[in-house]
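Examining the three-dimensional arrangement
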Amino acid sequence: MQKTLVRIAHEIIERNKNAEDMVIVGIMNRGAHLAKRLANAIEQIEGVSVPVGNLDITLYRDDLSMISEQPVVQKTDLMFDITGKKVILVDDVLYTGRTVRAALTELIDFGRPQFIQLCVLIDRGFRELPIRADFVGKNIPTSQKESIEVHLEECDGVDEVVIMEHDDG
Amino acid sequence: MKLLIKNGQVVDPANNLNAVLDILVQDGKIVKVGKNLKNNVDSTIDATDKIVMPGIVDMHVHLREPGREDKETVASGTNAALKGGITSVLAMPNTHPAIDNKDSIQLLNNIIKKTSHTNVFVCGAITKERKGRELSDITLLKQEGALAISDDGNSVDNAQLFLEALKIAKKENILVICHCEDVSLSAKGVVNLGITSTRMGLRGISRESEYTRVARDIELAERTNTQIHIAHVSCRESVEIIASAKKRGIKVTCETAPHYFTLSEEAIWGYDANLKINPPLRGKDDAEVIKQGLKSDVIDVIASDHAPHTENEKDIEFDRAEFGAIGLETELAVCVTELIHKGVLDWPGLVQKLCLNPSKILRINKGALGEGCDADITIVSPNQEWLVERNIFVSKSKNSMFLGKTLKGIVDYTILKDKVAYQKTPERKNSNEVSCKSRVGKAC
Amino acid sequence: MAEWKRKHLLGLEELSREEIEFILDNTSSFKEVLTREVKKVPTLRGKTVVNLFYEPSTRTRVSFEVAAKRLSADVINIAAETSSVRKGETLFDTGRNIEALKADIIVVRHSASGAAAMLSHHVNISVVNAGDGWHEHPTQALLDIFTLKEKFGRIEGLEVSIVGDIAHSRVARSNIWGLSKLGAKVTVCAPKLLIPPEIEQMGVSSITDNIDVALVNADAVNVLRMQFERDEANMFPEQLEYFKKFGITQERLEKAKKKIVIMHPGPINRGIEISSEVADGTQSVILDQVTNGIAVRMAVLFLVAQGAKRKK
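Here the structure is a predicted model, which means the values were calculated and not measured.

Reading the values: rules and limits
- Residues numbered from 1 in each chain as written.
- Chains lettered and ligands numbered in written order.
- Predicted model: local features only at pLDDT ≥ 70, side-chain atom pairs only at ≥ 80, totals over all residues.
- Helix = DSSP H or I, 4+ residues; strand = E, 2+ residues; numbered from the N terminus.
- Rg over C-alpha atoms; globule rule 2.2 N^0.38 Å.
- Contact = placed C-beta atoms within 7 Å.
- Nonpolar A, V, L, I, M, F, W, Y, C, P; charged D, E, K, R; others polar.
- Pairing = 2+ DSSP bridges.
- Buried ≥ 20, exposed ≤ 12 C-beta atoms within 10 Å, placed from the backbone.
- Right-handed = clockwise from strand over helix to strand, strands pointing away.
- Axes fitted to C-alpha atoms, helices over the stretch in contact; angles between N-to-C directions.
- Parallel < 35°, antiparallel > 145°, perpendicular 65-115°, else oblique.
- Left-handed = near helix turned anticlockwise from the far one by under 90°.
- pLDDT = per-residue confidence, 0-100.
- Expected span 1.5 Å × (residues − 1).
- Core = buried A, V, L, I, M, F, W, Y, C linked by C-beta atoms within 7 Å.
- Domains from an automatic or database assignment.

With that settled, the discussion passes to the overall build of chain A. Looking only at helices and strands, chain A has 4 helices and 7 strands in total. Starting at the N terminus and walking to the C terminus, you meet the elements of chain A as α-β-α-β-β-α-β-β-β-α-β. Taking 2.2 N^0.38 as the reference for a compact globule, 169 residues should give roughly 15 Å; the C-alpha atoms of chain A span a radius of gyration of 16 Å, in line with that estimate. When the backbone C-alpha atoms are referred to their principal axes, chain A occupies close to 50 × 35 × 30 Å. Pairs at least 24 apart in sequence give 67% of the contacts found in chain A among residues at least 6 apart.

The structure is reproduced here in structure tokens:
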């Protein structure tokens, strides 16, 4: 996983020429950890410290009535101004695109970035909205009967990607 | 009309009977009680596995007529009584107008004559309009047929005035029924004072407001040697005071209502105004003491305190809701569920509380199944369960404390004189229409 | 992991410890929204919250209104004096009418204890109790507890004294339920006539009519308003007399062991239950309570809206 992240970090710097005016925002929970790791990787490469923030998108979701577990609203932490900045939005898995849509709405409430680029570790397809990632760790085609979970050492104790199948989809 | 009731468990404590026997009824009287009676009769009721008891005499019923016919009438109330196995009721005088003078008591007597479905006896008011300021014409009320006097709903606060009333009652040989409440102590309360009033944020009715008045009324009755009857006893102290008065030989009897030994104050924490009554539901300990009081005969009578109210007066903010619950149709079943099935009383004991003792206290010839007695008979299935729902009530009002509860014990037949005045219709889903073959005629 | 399934918030009496903590956890996140440039989230967009207030109130009503608007809900205020209620419409009919207007949440304040619970039996939409008679004022207690948690990091083991007209106070009752369920030690302090009977059974650890006893070990004190406009007026000592015996002054606070955190639900009667010096002083968190009130109410509105959806 770490190799992938380093590779993505290089891509980000390359695409954007440098890391000036850049901020990295992770979508909670795992996106937030990934955002930190990316920022560290970029710092290693460019020697520049890129500010990191996180977003809790619970209050912006369009599907609160459909999920089975109770979402706990967590604190969004964006300590810097994003207006005029190059925002790299980070999440672990890109699936329907609805989470990213909610994150975009929330980000815009915070200011007017120069642009927002989306970076995901895994893209599993099945988009329901016209959303695409700018940087992808790995494309993993799945069926809708499967689910993908990214586990990270910071919160799950181990770095791994798990694909599970369930019969009721 | 000849009627034979076969094979039921005949419970008649007046005659020391508690056995499977037959009863033969003719021309409104019980003519024979014995084994294997054979006779050519007009109809037979098979009472196998059923209890055959005297018709219940409920000495605390609010029929609301005249004045609040929207809540209940003599007709609808007595119909409800029949469904509950009750054949005689004592109608309380807190009507509009109150039963405190010649016109009002004659009016009520006429209504009863024309429309009642059971025996209805009248209780007059002690003071004019029950206001506690001026005495009614107690002599006249007695002459017009009142069996008792009471200001029920109120107590007579002025001790001097009450003493006067007791003297007259003694002279006229009329029973005084006491609603014991010191309003300076009950202080606009709506629930039991204590943890209930505290957690619900409501004004409380103290126990003292009841038992201090019980003590006062007993003390005054002792002075005048008047027979008094304490209504709706709800708390331990009242039971104790009455017990010690009886030991001293004072002529006091008392009653409780089914809710006081069945429910306790926790039930009301959900703000269900159907449970709002006066005196209020007290603690679990009090309910136990009441049960013990029934067992030890300190408490002589169980009476329903049937108090119908319309939905507009009950289904409103708790403070503003009226006090009282209906009880005629559930009284027997609650007693069977709480007392018979829990081993507090046996059938003869229960029949004493519901039928025999009230008859003795009111000095009427009811509550027994001896040969020559009026054929007021109730036949009960003691184990049959039924669900208490709004739509089954015959009463005009539905403010019952037992809505949603399942009770054991249901009346199959209520016989009045010699006609089957009420018969339970066979079980039908979602429908509990009652066919009251009511008998319009004079109460006994 | 706690879950919120309720579509009403009627009181803290029936909530479990976990449910209360769940509300408080969510509150912090909502507080963060209030620090943003755009203090608005779209969570309750398209929902309608009706403030049905039968008792006059500015602070609580405005607090609910701000909270609802921060969640992008539409807000309607009904002040009972001016509406059809005057014409004799019952509480339950008013509730049903509001429901027929397709509102989603009724926030109700009423002078009858139990009104919120009874209303919830007559309508299918969510009911939030903003104060019913003497019974409960759950959002006030929640914001009080949240404020304490912010200050101390915990509620367990805290010694909290509530001073004032306990008998007639819904703020006191809700606080007693909430604090005791979360493990605080609650002391109530009032003239004897203003302590309701058997209050120990609600979870109160100690009862006193001596203010110094109530303050000596306290971590925090919640000072209730002396409500002289209530009709139990003859139960109250004279105002100055009350201040002498129960008023929270700097001198009194110096006598206590700890630096006591001062709370008050507002509005303050300066010089009656609390001195200006204390109300405006460094130990007072009274204004924090107001800010936290918005966050708590946002959390509550959010959660009951969720609860309602889940019940469908």
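Further remarks concern the overall build of chain B. In terms of helices and strands, chain B carries 13 helices and 18 strands. Here the C-alpha atoms of chain B give a radius of gyration of 21 Å, agreeing with the 22 Å that 2.2 N^0.38 yields for 444 residues. Dimensions along the principal axes, computed over C-alpha positions, put chain B at roughly 65 × 50 × 40 Å. Taking the contacts inside chain B whose residues are at least 6 apart along the sequence as the reference set, 75% of them involve residues at least 24 apart.

Of the residues lining the interface, 20 residues belong to chain C; the matching set on chain B comes to 15 residues. Contributing elements (two or more residues each) for the side of chain C that touches chain B: α4 (115-120) and α6 (170-181) of chain C. Looking at the side of chain C that touches chain B element by element, the count peaks at 3 residues for α4(C). Of the residues belonging to the side of chain C that touches chain B, the class tally is 10 nonpolar, 6 polar and 4 charged.

Once that is clear, we can look at unusual backbone geometry. All names here are of chain B. In this chain, His96 is followed by Pro97 through a cis amide linkage whose omega measures 5°. On the secondary structure map, Pro97 appears in the loop between β7 (86-91) and α2 (102-115). A positive phi angle is found at Asn16, which is not glycine, with a value near 55°. As for its placement among the helices and strands, Asn16 is situated in the loop between β1 (2-12) and β2 (17-26).

The next subject is the interface of chain A and chain C. Counting from both sides, the interface comprises 13 residues of chain A and, opposite them, 16 residues of chain C. Broken down by class, the residue content of the side of chain A that touches chain C amounts to 6 nonpolar, 4 polar and 3 charged.

Of all 2 pairs of chains that touch, the greatest number of contacts is found between chains B and C. Between chain A and chain B there is no contact; the minimum C-alpha to C-alpha separation amounts to 28 Å.

Residue and element names in this part refer to chain B. Taken in spatial order, the 8 strands make up an open sheet running β6-β7-β8-β9-β10-β13-β14-β15, and their pairing is parallel. In the strand order of this sheet, the two ends are held by β6 (56-61) and β15 (301-302), each with one partner. Two elements, strand β8 (residues 119-124) and strand β9 (residues 148-149), share 2 bridges in a ladder whose sense is parallel. Bridging across to β9, Cys123 finds its partner in Ala148.

Right, let's get into the pairing of strand β1 (residues 22-27) of chain A. All names here are of chain A. Of all 6 residues in β1, 6 are buried; the element is thus mostly enclosed. Alternating residues of β1 divide into Met22, Ile24 and Gly26 and Val23, Val25 and Ile27, and every residue in both groups is buried. Where β1 and strand β2 (residues 52-55) come together, 4 bridges link them in parallel fashion. By the bridge assignment for β2, Ile27 is matched with Leu55. As for the winding sense of the linkage, the β-α-β connection from β1 through helix α2 (residues 30-46) to β2 is right-handed.

Residues and elements named next belong to chain C. Where helix α2 (residues 59-70) meets helix α11 (residues 286-311), the axes come as close as 8 Å, and the angle between the chain directions of the two elements is 60°. In this view, α2 runs oblique relative to α11, as classed from their interaxial angle. Handedness of the α2/α11 crossing: right-handed. Contact residues: Ser63, Phe64, Val66, Ala67, Ala68 and Arg70 in α2; Gly293, Ile294, Arg297, Met298 and Leu301 in α11.

Detailed reading of the predicted coordinates is not advisable wherever pLDDT falls low. Taken over all residues, the pLDDT of chain B has a mean of 94, while the share at 70 or more is 96%. Across the interfaces of the predicted complex, the ipTM metric reaches 0.92, alongside a pTM of 0.88.

Residue and element names in this part refer to chain B. The end-to-end C-alpha distance of helix α13 (residues 347-362) is 22 Å, a good match for the 22 Å that 16 residues give at a rise of 1.5 Å each. By the criterion of burial, α13 is predominantly enclosed, with 12 of the 16 residues buried. Those residues of α13 that sit buried are Leu350, Val351, Gln352, Lys353, Leu354, Cys355, Leu356, Asn357, Pro358, Ser359, Ile361 and Leu362. Backbone geometry just after α13 places Arg363 at a positive phi near 55°.

In this structure, A:Leu38, B:Ile149 and C:Leu301 are the most contacted members of the largest nonpolar core, which totals 282 residues. The element contributing the most residues to this core is α11(C), with 11 residues. Counting only domains with at least three residues in this core, you end up with domain 1 (17-137 + 293-311) and domain 2 (140-289) of chain C.

Moving on, we get to the environment of A:Val25. Residues and elements named next belong to chain A. With respect to the helices and strands, the residue Val25 is situated in strand β1. The buried category is assigned to Val25, around which 29 C-beta atoms lie within 10 Å. Distance in space between the C-alpha atoms of Val25 and Thr83 is 13 Å, their sequence separation being 58 residues. Setting aside anything within four residues of it in sequence, one finds Val25 in contact with Ala35, Gly53, Asn54, Leu55, Leu78, Val87, Leu89, Val90 and Leu107.

A word on the sheet that holds strand β1 (residues 48-53) of chain C. Residues and elements named next belong to chain C. The 4 strands are arranged β2-β1-β3-β4 in an open sheet whose pairing can be described as parallel. The two strands at the open ends of the sheet, each matched to only one other strand, are β2 (74-79) and β4 (126-132). Averaged over all neighbouring strand pairs, the angle between strand axes comes to 15°, with direction disregarded. Here β1 runs beside strand β3 (residues 105-110); their pairing, made up of 5 bridges, is parallel. The residue bridging Val50 from the neighbouring strand is Ile106, located in β3.

Residues and elements named next belong to chain B. Between helix α12 (residues 331-340) and α13, the least distance of the axes is 11 Å, while the angle of their chain directions is 140°. Here α13 runs oblique to α12, going by the angle between their axes. Considering how the two elements wind past one another, α12 and α13 form a crossing that is right-handed. Between α12 and α13, the contacting residues are Cys335, Leu339 and Ile340 on the first element and Trp347, Leu350 and Leu354 on the second. Tallied by class, residues from the contact of α12 with α13 come to 6 nonpolar, no polar and no charged.

Now for the environment of C:Ser113. Here C:Ser113 shows up in the loop between β3 and α4. For C:Ser113, a count of 27 C-beta atoms within 10 Å corresponds to the buried category. Considered as a pair, C:Ser113 and C:Glu136 are 23 residues apart in the sequence and their alpha carbons are 7.9 Å apart. Contacts of C:Ser113, omitting those with residues within four sequence positions, involve B:Met200, B:Gly201, B:Leu202, B:Phe318, C:Asp132, C:Gly133, C:Trp134 and C:His135.

Mapping B:Asp319 onto the fold places it in the loop between α11 (311-314) and α12. Judged by C-beta crowding, with 17 C-beta atoms within 10 Å, B:Asp319 ranks as partly exposed. B:Asp319 has contacts with B:Val190, B:Leu202 and C:Ala112, leaving out every residue within four places of it along the chain.

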